[in-house]
Amino acid sequence: MAWIYLVVAGLFEIGWAIGLKYTEGFTRPLPTALTVASMVISIGLLGLALKTLPVGTAYAVWTGIGTVGTVVLGIALLGDSASALRLACIGLIVAGIVGLKVLSPE
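First, a word on what this report is: a plain description of the structure on this page. The structure displayed is predicted, hence computed values, not measured ones.

Take the overall build of the protein next. Of regular secondary structure, the protein possesses four helices and zero strands. The helix and strand sequence of the protein, counted from the amino end, reads α-α-α-α. Looking at the protein as a whole, 31% of its 106 residues are labelled buried. Taking contacts inside the protein between residues at least 6 apart in sequence as the whole, the part at least 24 apart equals 71%. Put simply, the protein shows about 6,100 Å² of open surface, and 76% of that area lies on carbon and sulfur atoms. If the 5 positive side-chain charges of the protein are averaged to one point and the 4 negative ones to another, these points end up 2 Å apart.

Following this line, the structure appears as structure tokens:
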């Protein structure tokens, strides 16, 4: 169950990272409220996952999911660069996430 909490926490991290762009400096109430709610949910679920997962593994996976998802959505929604080198670096992050999951004692 801890891994499910962690993956969902990572998805909410993507939500708040992308949401920050739409708050326009916290001047738009609805995007700001949704972004703050995503932050709270993400941290709450990370905390639940940390009850059983090693902190280093959980934190690395959580930030990795957030990083990869935010980059992908930045490319898809915001026109960020999708250069081959950038995509290769994202592949390295994904490999690290998978490696941490496979090598985790939980």
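Alright, that's what it looks like, and here's the rest.
Our focus in this paragraph is helix α1 (residues 2-23). The end-to-end C-alpha separation of α1 is 31 Å, in line with the 32 Å expected for 22 residues at 1.5 Å each. Turning to α1, its buried residues number three or more, namely A2, W3, L6, A9, G10, E13, I14, I18, G19 and T23. Lining the buried residues of α1 we find α2 (29-49), α3 (55-78) and α4 (84-103). E24 sits one or two residues past α1 and shows a positive phi near 50 degrees.

Turning to the pattern of salt bridges, a few remarks are in order. Taken as a whole and assessed by the stated rule, the structure comprises one salt bridge. R28 is paired through a salt bridge with E24; the nearest N and O atoms lie 3.9 Å apart. Here R28 falls in the partly exposed class, since its relative accessible area comes to 34%.

This part is about the packing of α1 against α3. Interaxial distance between α1 and α3 falls to 8 Å at its minimum, and their mutual angle equals 40 degrees. By the angle class used here, α1 and α3 are oblique. Classified by chirality, the crossing of α3 by α1 is right-handed. When the residues that make up the contact of α1 with α3 are grouped by side-chain class, the tally is 16 nonpolar, seven polar and two charged.

What follows deals with the nonpolar core. With 15 residues, the main nonpolar core has L6, L46, L53 and V61 as its most contacted residues. Secondary structure elements with two or more residues in this core: α1, α2 and α3. For L46, the residues in contact, after removing those within four places along its chain, are L6, A9, A58 and W62.

Thresholds, definitions, all that
- Residues numbered from 1 in each chain as written.
- Predicted model: local features only at pLDDT ≥ 70, side-chain atom pairs only at ≥ 80, totals over all residues.
- Heavy atoms only, no water.
- Helix = DSSP H or I, 4+ residues; strand = E, 2+ residues; numbered from the N terminus.
- Buried < 20%, exposed > 50% of the residue type's maximum accessible area, 1.4 Å probe, protein only.
- Contact = heavy atoms within 4.5 Å.
- Areas by Shrake-Rupley, 256 points an atom, 1.4 Å probe, with all protein chains shown as cover.
- Lys, Arg positive; Asp, Glu negative; His and termini not counted.
- Charge placed at Lys NZ, Arg CZ, Asp CG, Glu CD.
- Expected span 1.5 Å × (residues − 1).
- Salt bridge = Lys/Arg side-chain N within 4 Å of Asp/Glu carboxyl O.
- Axes fitted to C-alpha atoms, helices over the stretch in contact; angles between N-to-C directions.
- Parallel < 35°, antiparallel > 145°, perpendicular 65-115°, else oblique.
- Left-handed = near helix turned anticlockwise from the far one by under 90°.
- Nonpolar A, V, L, I, M, F, W, Y, C, P; charged D, E, K, R; others polar.
- Core = buried A, V, L, I, M, F, W, Y, C linked by side-chain atoms within 4.5 Å.

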